[in-house]
Amino acid sequence: MAFIDEIKARAKADKKTIVLPESMDKRTFEAAEKIIKEDIADIIIIGTPEEIAKNGAGYDISGATIIDPFNDPNKQKYIDKFVELRGKKGVTPEIAQETMEKDYMYYACLMCKCGDADGAVSGACHSTGNTIRPALQLLKTKPGISSVSGFFLMEVPNCTLGEDGLFVFADCAVNTDVDSAKLAEIASLAAESFTSLTGKDARVAMLSYSTMGSAKHDDVTKVAEAVKLAKENYPDLVVDGELQLDAALVPEVAALKAPDSKVAGHANTLVFPSLEAGNIGYKLVQRLANAGAYGPVLQGLSMPVNDLSRGCYADDIVGTVAITAVQAQG
Ligand code: ACO
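Attention here is on the structure that accompanies the text.

Conventions used here
Every chain is numbered on its own, with residues counted from 1 as its sequence reads. Only residues with pLDDT of at least 70 get local features here, since the model is predicted, and only at 80 or more are side-chain atom pairs given and counted; chain-wide, interface and lining totals rely on the full set of residues. To get the side-chain values, take all heavy atoms of the structure and skip hydrogens and water. Strands here mean DSSP runs of E at least two residues long; helices mean DSSP runs of H or I at least four residues long; both are numbered from the N terminus. Whether two residues touch is decided by their heavy atoms; if any such pair falls within 4.5 Å, the residues are in contact. Accessible area is worked out with a 1.4 Å probe on protein chains only. A residue is then buried under 20% of its type maximum, exposed over 50%, and partly exposed in between. Criterion used throughout: strands pair if DSSP finds at least two bridges between them. Every crossover in which the path from the first strand over the helix to the second runs clockwise, viewed with the strands pointing away from the viewer, is termed right-handed. Every angle, taken between N-to-C directions, lies between 0 and 180 degrees, and every axis is a line fitted to C-alpha atoms, over only the stretch in contact when it is a helix. To sort the angles, those under 35 degrees are grouped as roughly parallel, those over 145 as roughly antiparallel, those from 65 to 115 as roughly perpendicular, and the leftovers as oblique. Three classes are used: nonpolar for Ala, Val, Leu, Ile, Met, Phe, Trp, Tyr, Cys and Pro, charged for Asp, Glu, Lys and Arg, and polar for all others, with Gly counted as polar. One side-chain nitrogen of Lys or Arg within 4 Å of one carboxyl oxygen of Asp or Glu is enough to make a salt bridge. Cysteine sulfur pairs qualify as disulfides if the two atoms are within 2.5 Å. Polar contacts, as used here, are pairs of N or O atoms within 3.5 Å; protein pairs need one atom able to donate a hydrogen and one able to accept it. Residues neighboring in sequence count only if both atoms are side-chain atoms. Near is defined per residue: the residue qualifies when any heavy atom it owns lies within 4 Å of the molecule or strand. A pair of Phe, Tyr and Trp rings is counted when the ring centres sit within 6.5 Å of each other, with Trp represented by its six-membered ring. The angle between the planes then sorts it: under 30 degrees is stacked, over 60 is edge-to-face, the rest tilted.

Brief notes about the environment of C125
Phase 1: In this fold, C125 is placed in the loop between β4 (119-121) and α7 (128-138).
Phase 2: Distance from C125 to A187, taken between C-alpha atoms, is 30 Å for residues 62 residues apart in sequence.
Phase 3: Look past the residues within four positions of C125 in its chain and what remains in contact with it is E22, M24, D25, R27 and R310.

Here it is in structure tokens:
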């Protein structure tokens, strides 16, 4: 069974409620119709009657709950929660109301925070920054986690590398500045993400342009230090590096460059040394290898909220909702 079909089956087995705030985009309705028909999740759409009529015309979303952000009987509860969480940052009831009415992602995150939804998916018509900022501000990280990061579950066709073509790539979406400590934490979260979504053990490669000291530079030292920290802080984590991509993936290259490594040649979870490398790397594999790229999925948040690419299709939204629902089960 393809990865995403397994995820859908898991989502169906214990249905969660996922909120879609982008009623200004037709793809939201096309996706909602499919999700309801396939029984993957219960869906809440945030939108005014005008937005629903204009963009939802022709789609059967009769099984979805529609929340009008201007006339919702629960709205005061969300305003109060917003002020409780962000009052110290200057959020007054008036600012809370205006923000929620202007940007439905805030509304969606408050619904999650108040227990009225289990997760949210947005980003078909909003940038990554604007999609995840409300989640960072309102939902915050899981206890003990310092930073939220973003990964892609990559499904490479006709590939025997990694986990028969399945990989987690991280961080491809969030952190513009990563030091060794952040990289080590990303490695641990990425391994958990790989295992929870695929059911397989993660083998984490910390990527660089150097393998085990073959090059000398501060960038290389940063990754080598991250490997040391990851091994110290997460003793159960199967991690190694620093490794070049070919040494991480290809057994014959690993035998030459890192013969003593248990990860080299067999990595299924790739931690990139910077956001540039991660973002460019996943798009290269997606476009040149025609790989499925599910994400960016956020890891380290207290509740599952996930982003979409603005070039996404309705089916990508369906897949991301299924992943979000499975994260919510965990
Ligand atoms: N983890 C946890 N919390 C965070 C993180 C993080 N990684 N980053 C910021 N925060 C918190 C801050 O502490 C702050 O909390 P506070 O307001 O309670 O004090 C809050 O989030 C807002 O932080 P800011 O720094 O003010 O927010 P800003 O918008 O400047 O930055 C953002 C956050 C949006 C994630 C930024 O880092 C960003 O734009 N990253 C790059 C996103 C991007 O463009 N990715 C590439 C495209 S993705 C793709 O191609 C699919």
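Structural notes on the pairing of strand β7 (residues 204-207)
Phase 1: Side chains of β7 alternate between two faces, with V204 and M206 and A205 and L207 buried alike.
Phase 2: One ladder, built from 4 bridges, connects β7 with strand β8 (residues 239-243); its direction is parallel. Within β8, the position partnered with A205 by the bridge is D240.
Phase 3: Each parallel crossover has a hand, and for β7 linked through helix α10 (residues 218-233) to β8 it is right-handed.

Considerations on the packing of helix α5 (residues 93-102) against helix α6 (residues 104-113)
Phase 1: α6 packs onto α5 with a crossing angle of 110° between their chain directions and a minimal axis gap of 5 Å. Of the possible angle classes, the one that applies to α5 and α6 is roughly perpendicular. Residue-level inspection shows T99, M100, E101 and K102 of α5 in contact with α6, the latter providing Y104, Y106, Y107 and L110.
Phase 2: Residue classes in the contact of α5 with α6 are distributed as 5 nonpolar, 1 polar and 2 charged.

Quick word on the pattern of salt bridges
Phase 1: What the rule picks out here adds up to 14 salt bridges.
Phase 2: Ionic pairing is found between K8 and E38, a salt bridge with its closest N-O pair at 3.5 Å. Taken together, the positions of K8 in helix α1 (residues 3-13) and E38 in helix α2 (residues 26-38) put the pair 30 residues apart, joining distant regions of the chain.
Phase 3: Take K8: its relative accessible area is 15%, and that puts it in the buried class.
Phase 4: Across the pair K228 and E232 runs a salt bridge whose closest N-O atoms are separated by 3.9 Å. Placement of both K228 and E232 in helix α10 is noted, with a separation of 4 residues, approximately one turn of the helix.
Phase 5: For K228, a relative accessible area of 48% translates into the label partly exposed.
Phase 6: One salt-bridge network, in which partners are shared between bridges, spans K15, D39 and D42.

A look at the environment of M212
Phase 1: With respect to the helices and strands, M212 occurs in the loop between β7 and α10.
Phase 2: The class for M212 is partly exposed, based on a relative accessible area of 37%.
Phase 3: In this structure the C-alpha to C-alpha distance between M212 and E242, which are 30 residues apart in sequence, comes to 5.4 Å.
Phase 4: In contact with M212, not counting residues within four places along its chain, are D240, G241, E242, L243, K257, A258 and S261.

Topic: the state of the cysteines
Phase 1: Counting across every chain of the model gives 0 disulfides.
Phase 2: Free of any disulfide, C109 has its nearest neighbouring cysteine sulfur in C112, separated by 6.0 Å.
Phase 3: Here C159 stays free of any disulfide, with the sulfur of C172 as its closest cysteine sulfur at 16 Å.
Phase 4: C159 gets classed as buried once you look at its relative accessible area, which sits at 19%.

Section: α6
Phase 1: Extensive coverage of α6 is indicated by the burial of 9 of its 10 residues.
Phase 2: Put simply, D103 is the residue that caps the front of α6, since its side-chain oxygen is 3.0 Å from the backbone nitrogen of M105.
Phase 3: Positioned one or two residues after α6, G115 has a phi angle of 80°, which is positive.

Quick word on the site of the ligand
Phase 1: By nearness alone, 19 residues border the ligand, and R86, R133, K140, V148 and A173 come closest of all.
Phase 2: A distance of 2.4 Å separates an oxygen atom of the ligand from a polar atom in the side chain of R133.
Phase 3: Separating a nitrogen atom of the ligand from a backbone N or O atom of V174 is a distance of 2.9 Å.
Phase 4: Going through the elements one at a time, α7 and α13 (275-288) are the ones with two or more residues in the shell around the ligand.
Phase 5: It is α7 that contributes the most residues to the shell around the ligand, 5 residues altogether.
Phase 6: Tallied by class, residues from the shell around the ligand come to 8 nonpolar, 6 polar and 5 charged.

What to know about the packing of aromatic side chains
Phase 1: Going through the model one piece at a time under the given rule, you end up with 6 aromatic pairs.
Phase 2: With centroids separated by 5.5 Å and ring planes inclined at 50°, the aromatic side chains of F3 and Y294 adopt a geometry described as tilted. Of this pair, F3 sits in helix α1 while Y294 sits in strand β10 (residues 292-299); the two residues are 291 residues apart in sequence, bridging distant segments of the chain.
Phase 3: Assessed through its relative accessible area of 5%, F3 is described here as buried.
Phase 4: Centroid distance F82 to Y106: 5.5 Å. Interplanar angle 15°. Geometry classified as stacked. You can see F82 sitting in helix α4 (residues 75-86) and its partner Y106 sitting in helix α6, a full 24 residues away along the chain.
Phase 5: By relative accessible area, which is 10% here, Y106 ends up buried.

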